[in-house]
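Residue-level structural notes
The residues making up each chain are set out below.
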Amino acid sequence: MSRAFAPAILAAMALAGTTLRVAAVPAPDDGAAIRVVATTTQCADLARQVCAGIADFGVDGLMHAGVDPHLWRPTVSDVRQLASADAVVCNGLMLEGRMSDVFPKLARRGTRVVELATAIPMDRLIAEGDGHAAADPHVWMDPAIWSSAAQTLAESLATLRPSRAAELRTNADRFAARCEAVARSIERAVATVPARARLMVTAHDAFRYFGRAFGIEVRGVQGISTESQAGLADMRTLADMLIDRAVPAVFVETSVPDRAVAALIESASLRGHPIRIGGALFSDAMGASGTAEECWDGMMLHNARTIVEALGGDASSIAAAPDARPEATP
Ligand SMILES: [Zn+2]
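All of these numbers come straight from a predicted model, not from anything done at the bench. (Residues numbered from 1 in each chain as written. Predicted model: local features only at pLDDT ≥ 70, side-chain atom pairs only at ≥ 80, totals over all residues.)

A closer look at the overall build of the protein
- Assigned secondary structure in the protein consists of 10 helices and 8 strands.
- In the protein, which comprises 330 residues, the share counted as buried stands at 49%.
- Taking as baseline every contact in the protein between residues at least 6 positions apart, the subset at least 24 positions apart corresponds to 71%. (Helix = DSSP H or I, 4+ residues; strand = E, 2+ residues; numbered from the N terminus. Buried ≥ 20, exposed ≤ 12 C-beta atoms within 10 Å, placed from the backbone. Contact = placed C-beta atoms within 7 Å.)

A look at the pairing of strand S8 (residues 276–281)
- When strand S7 (residues 249–253) meets S8, the two strands line up parallel, connected through 4 bridges. Bridge assignment links Val 250 to a residue of S8, and that residue is Ile 277.
- Crossover S7 to S8 through helix H9 (residues 259–270) is right-handed. (Pairing = 2+ DSSP bridges. Right-handed = clockwise from strand over helix to strand, strands pointing away.)

Here's the deal with the confidence of the model for the protein
- Overall, the predicted model of the protein reaches an average pLDDT of 88, with 85% of residues at or above 70.
- pLDDT under 50 marks residues 1–5. Its contacts with residues more than four places away, or in other chains, come to 5 contacts.
- The low-confidence segment residues 15–26, where pLDDT is below 50, has 17 contacts with residues more than four positions distant or belonging to other chains. (pLDDT = per-residue confidence, 0-100.)

Overview of the pairing of strand S4 (residues 112–115)
- Covered by surrounding structure in S4 are Arg 112 and Val 114 together with Val 113 and Glu 115, the residues of both alternating faces.
- When strand S3 (residues 87–90) meets S4, the two strands line up parallel, connected through 4 bridges. Paired with Ala 87 across the bridge in S4 is Arg 112.
- The handedness of the S3 to S4 crossover, carried by helix H4 (residues 102–108), is right-handed.

A closer look at unusual backbone geometry
- Positive phi, normally seen in glycine, also occurs at Leu 93, with a value near 55°.
- Mapped onto the elements, Leu 93 comes out in the loop between S3 and H4.
- In the Ramachandran plot, Ala 246 falls in the positive-phi region, its phi being about 50° despite a non-glycine side chain.
- The residue Ala 246 is located in the loop between helix H8 (232–244) and S7 in this model.

Brief notes about helix H2 (residues 41–51)
- The buried fraction of H2 amounts to 11 of the 11 residues, a majority that puts the element mostly inside the structure.
- Buried residues of H2: Thr 41, Gln 42, Cys 43, Ala 44, Asp 45, Leu 46, Ala 47, Arg 48, Gln 49, Val 50 and Cys 51, and no others.
- Phi turns positive one or two residues past the end of H2, at Gly 53, with a value near 75°.

Some words on the environment of Leu 242
- In this structure, Leu 242 sits in helix H8.
- With 33 residues separating them along the chain, Leu 242 and Ile 275 place their C-alpha atoms 8.6 Å apart.
- Apart from residues no more than four positions distant in its own chain, Leu 242 is found in contact with Val 201, Val 247, Ala 268, His 273 and Ile 275.

Things to note about helix H5 (residues 143–160)
- Taking 1.5 Å per residue as the helical rise, H5 with its 18 residues ought to reach 26 Å, and the 26 Å between its terminal C-alpha atoms agrees with that figure.
- Every buried residue of H5 is accounted for by Pro 143, Ile 145, Trp 146, Ser 148, Ala 149, Ala 150, Leu 153, Ala 154, Leu 157 and Leu 160. (Expected span 1.5 Å × (residues − 1).)

A closer look at the packing of H5 against helix H6 (residues 165–190)
- Direction vectors running N to C along H5 and H6 enclose 175°, while the axes themselves pass 9 Å from each other. In terms of orientation, H5 lies roughly antiparallel with respect to H6. Of the residues in H6, those in contact with Pro 143, Ala 144, Trp 146, Ser 147, Ala 150, Gln 151, Ala 154, Leu 157 and Ala 158 of H5 are Ala 165, Leu 168, Arg 169, Asn 171, Ala 172, Phe 175, Ala 176, Cys 179, Val 182 and Ala 183.
- Residue composition of the contact of H5 with H6, grouped by class: 15 nonpolar, 3 polar and 1 charged. (Axes fitted to C-alpha atoms, helices over the stretch in contact; angles between N-to-C directions. Parallel < 35°, antiparallel > 145°, perpendicular 65-115°, else oblique. Nonpolar A, V, L, I, M, F, W, Y, C, P; charged D, E, K, R; others polar.)

As structure tokens, then:
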């Protein structure tokens, strides 16, 4: 990440008129609206689900469909929103790789910063080494983990507005029930994929939690961050795996350029193994505004349907995603 970037952000925060608050104290329960600003589309969706129907909370999201959080740099307007928020909801674990120095500094200025992935116990994370610094940040792909993130967020926001604690918890419980239903639906569909073909190759390593949750081996052509590059040797190894297991398709992602996947397809083709793109998955950014995939349920079900069908399974058990947008729920 760019170490030089954090001071620039903080200077911009000063220009934006940030009030220097000295401690992370709860906002007074005086009825004034609590401004929640979320970084990624996943974080914004979760905040909207947890705050749904509670007028005390207003949620704004900074990133949009198709934006890669690993490479994201906030605009001046984004910085102003972060600096003036009562609560910032972010993923953490270096997902917002160019912003990770900023979150603790916002916290020191008195902003409530909820790092959803960082709050997850280490024994539930996938990590290459010890400690949270080595952990995979793509935690929203595991319904059980994302359900617990909703509980964490509800509890944190409840301390800012204790009079709304019960409603926040009710919303988190409702979301948890949806996570459970989505998980059962995906499990049934994945079970129809031939065991040997349960290998999904995507543009980058965003699906390891999904793979662990549903019994699918996953490989990213790029590594855990889109800032890394796939080597030729890695490409050959992946192509060999696809050929050995007669895997018919690989996947592109809506927020990552397709060139690494295209190179892999070419590598397999040169070995006489035709392989196709099985579809575009929502990895680090969810769908466009107004689509079912702008919500977590719709994104997960779209991904699962695309994966199962491309790998030779039957996705008919996956119902169309319900309209889960908070404004559409009673
Ligand atoms: Zn990623």
